[in-house]
Amino acid sequence: MDYNSPIEAALKVKHPKYTTIAAGRRHTIGLRADGTVTAVGDHKVGQCDVNGWRDIVAVAAGNVHMATNTGNAHTIGLTSHGTVVAVGWNKHDQCEVNDWYDIVAIAAGWRRTVGLKSDGTVIAVGRNNEGQCAVSNWRDIVAVAAGDWHTAGLKSDGTVTIVGNNQYGQCEVSGWSDIVEVAAGYLHTVGLTSDGKAVAVGGNKHGQCEVSDWRGMVVIAAGSSHTIGLQSDGTVVAVGDNEYGQCDVSSWCG
């Protein structure tokens, strides 16, 4: 794909790497070097039916929700041709992506699929009860992230726009600037600034937004109720819910 427009150029600079692994609540997806995909875990709604996928360049797995039906999830894949494939739970049409084209990035939330097009616009399908799919008017977007009930878009000017549920302030990002990466959890949103700092808003019951003292970050990620950051020295930091030891990363290095 040729990156000719400013938006496409920004995409290439800010997100040069595709997502090659993805984790749902009960299943795991892996993208092989040959463009095929493998999956393990809960398969009750067909979310692991990826054996026939070819020419895939990125994968994503939906579902960070904590409800009793949390095993119901879907898996999406971005092909090298800019189209999208999906399998799994489709109660809210989150797998209806067969007519998508010119897609350069994907994200999956609870009952929702989001696609970023090369012209900087965004498309979304699935559950829209809280307006989390209301992205048709977005422009100049260079990256997308999907939380439980909210969808975030990183703009080429380093600001972030969000739609969806804002009960815990997870959409309060109007003051953010100079952002180069965004991640969305169950009820919180995290941003990485160009100088390696992290910002976070939203539900903070488990301290998952306590990132104001983070420095030297190069990558961030958000789980349901915890946040992790990769530092430039190869170490990892984490805050938030640690009931299952998901934040026990202080010994990680390299």
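Residues numbered from 1 in each chain as written. Predicted model: local features only at pLDDT ≥ 70, side-chain atom pairs only at ≥ 80, totals over all residues. Heavy atoms only, no water.

1. Digging into the overall build of the chain
To be explicit about the condition: Helical segments are the DSSP runs of H or I of at least four residues, strand segments are the runs of E of at least two, and each set is numbered from the N terminus. This radius of gyration counts C-alpha atoms alone. The globule rule is 2.2 Å times how many residues there are, raised to the power 0.38. For every residue, the accessible area obtained with a 1.4 Å probe (protein chains only) is divided by the maximum for its type, and the residue is called buried under 20%, exposed over 50%, and partly exposed between those limits.
Helix and strand content of the chain: one helix and 18 strands. Its C-alpha atoms give the chain a radius of gyration of 17 Å, within 12% of the compact-globule value 18 Å for 254 residues. By principal-axis analysis of the C-alpha atoms, the chain measures approximately 45 × 45 × 40 Å. Looking at the chain as a whole, 53% of its 254 residues are labelled buried.

2. A closer look at the packing of aromatic side chains
The cut-off we apply is this: Centres within 6.5 Å are what make two rings of Phe, Tyr or Trp a pair, Trp counting through its six-membered ring; a difference in plane orientation under 30 degrees is then read as stacked, over 60 as edge-to-face, and the rest as tilted.
Summed over all chains, the structure comprises two aromatic pairs. Considering the side-chain rings of tryptophan 110 and tryptophan 149, the 6.2 Å spacing of their centres and the 75° angle between planes classify their relative orientation as edge-to-face. Residue tryptophan 110 is located in the loop between strand 7 (103–109) and strand 8 (112–117), and its partner tryptophan 149 is located in the loop between strand 10 (141–146) and strand 11 (150–155); the two are separated by 39 residues in the primary sequence. With respect to class, tryptophan 110 is no different from tryptophan 149; both count as buried. Seen in terms of ring centroids, tryptophan 149 and tyrosine 186 are 6.0 Å apart; in terms of plane orientation they differ by 50°. Their pairing is tilted. Highlighted residues: tryptophan 149 in the loop between strand 10 and strand 11 and tyrosine 186 in the loop between strand 13 (179–184) and strand 14 (188–193), separated in sequence by 37 residues. Look at tyrosine 186 and you get buried, because its relative accessible area is 19%. By the ring-pair criterion, three or more aromatic residues cluster together here, those being Trp110, Trp149 and Tyr186.

3. Here's the deal with the sheet that holds strand 11
Condition: Think of it this way: DSSP has to see at least two bridges between two strands before they count as a pair. To obtain each axis, a line is fitted to C-alpha atoms, and for helices this fit is confined to the stretch in contact; angles are then taken between N-to-C directions over 0 to 180 degrees.
Reading across from one edge, 10-11-12 is the order of the three strands in this open sheet, with antiparallel pairing throughout. Two strands bound the open sheet, and with one partner strand each, they are strand 10 and strand 12 (160–164). Strand-to-strand twist in this sheet, taken as the mean axis angle between neighbours without regard to direction, amounts to 20°. Two elements, strand 11 and strand 12, share five bridges in a ladder whose sense is antiparallel.

4. Notes on unusual backbone geometry
One non-glycine residue, aspartate 102, lies in positive phi territory at about 60°. The exposure class of aspartate 102 is partly exposed, given its relative accessible area of 29%. A positive phi angle, close to 60°, is found at aspartate 140, a residue other than glycine. Structurally, aspartate 140 is set in the loop between strand 9 (122–126) and strand 10.

5. Quick word on the confidence of the model for the chain
This is how it is decided: Summary of the metric used: pLDDT quantifies the predictor's per-residue confidence within the range 0 to 100. By the convention used here, residues are in contact when the closest approach between their heavy atoms is within 4.5 Å.
Averaged over every residue, the pLDDT of the chain is 90; the share at 70 or more is 90%. Confidence over residues 1–16 falls short of pLDDT 50; this stretch has 33 contacts with residues more than four positions distant or in other chains.

6. Some thoughts on the pairing of strand 2 (residues 27–31)
Burial within strand 2 is extensive, with four of its five residues counted as buried. Summarising the sheet, strand 1 (residues 21–23) and strand 2 pair through three bridges and their orientation is antiparallel. Within strand 2, the residue paired with alanine 23 across the bridge is threonine 28. Counted along the chain from strand 1 to the antiparallel partner strand 2, the turn is three residues long.

7. Regarding the sheet that holds strand 4 (residues 56–61)
With antiparallel pairing, the three strands of this open sheet are ordered in space as 4-5-6. The sheet is open, and its two borders are formed by strand 4 and strand 6 (84–88), each paired with just one other strand. If you compare each strand with its neighbour and ignore which way they point, the axes differ by 20° on average. Bridge count for strand 4 against strand 5 (residues 74–79) is five bridges, and the pairing is antiparallel. Each bridged residue has a counterpart across the sheet, and for isoleucine 56 the counterpart in strand 5 is threonine 79.

8. A closer look at the pattern of salt bridges
Convention followed: Salt bridges are identified by distance alone: a Lys or Arg side-chain nitrogen within 4 Å of an Asp or Glu carboxyl oxygen.
Taken as a whole, this structure holds three salt bridges when the rule is applied. Between arginine 26 and aspartate 42 there is a salt bridge whose closest N-O contact spans 3.9 Å. With a gap of 16 residues between them, arginine 26 in the loop between strand 1 and strand 2 and aspartate 42 in the loop between strand 3 (37–41) and strand 4 connect regions that are remote in the sequence. A residue is classified by how much of its surface remains accessible, and arginine 26, at 43% relative accessible area, is partly exposed. We classify aspartate 42 as buried; its relative accessible area is 18%. In this structure, the salt-bridge partner of lysine 197 is aspartate 195, at a minimum N-O distance of 3.8 Å. With relative accessibility at 34%, the residue lysine 197 sits in the partly exposed group. Note on aspartate 195: relative accessible area 47%, which makes it partly exposed.

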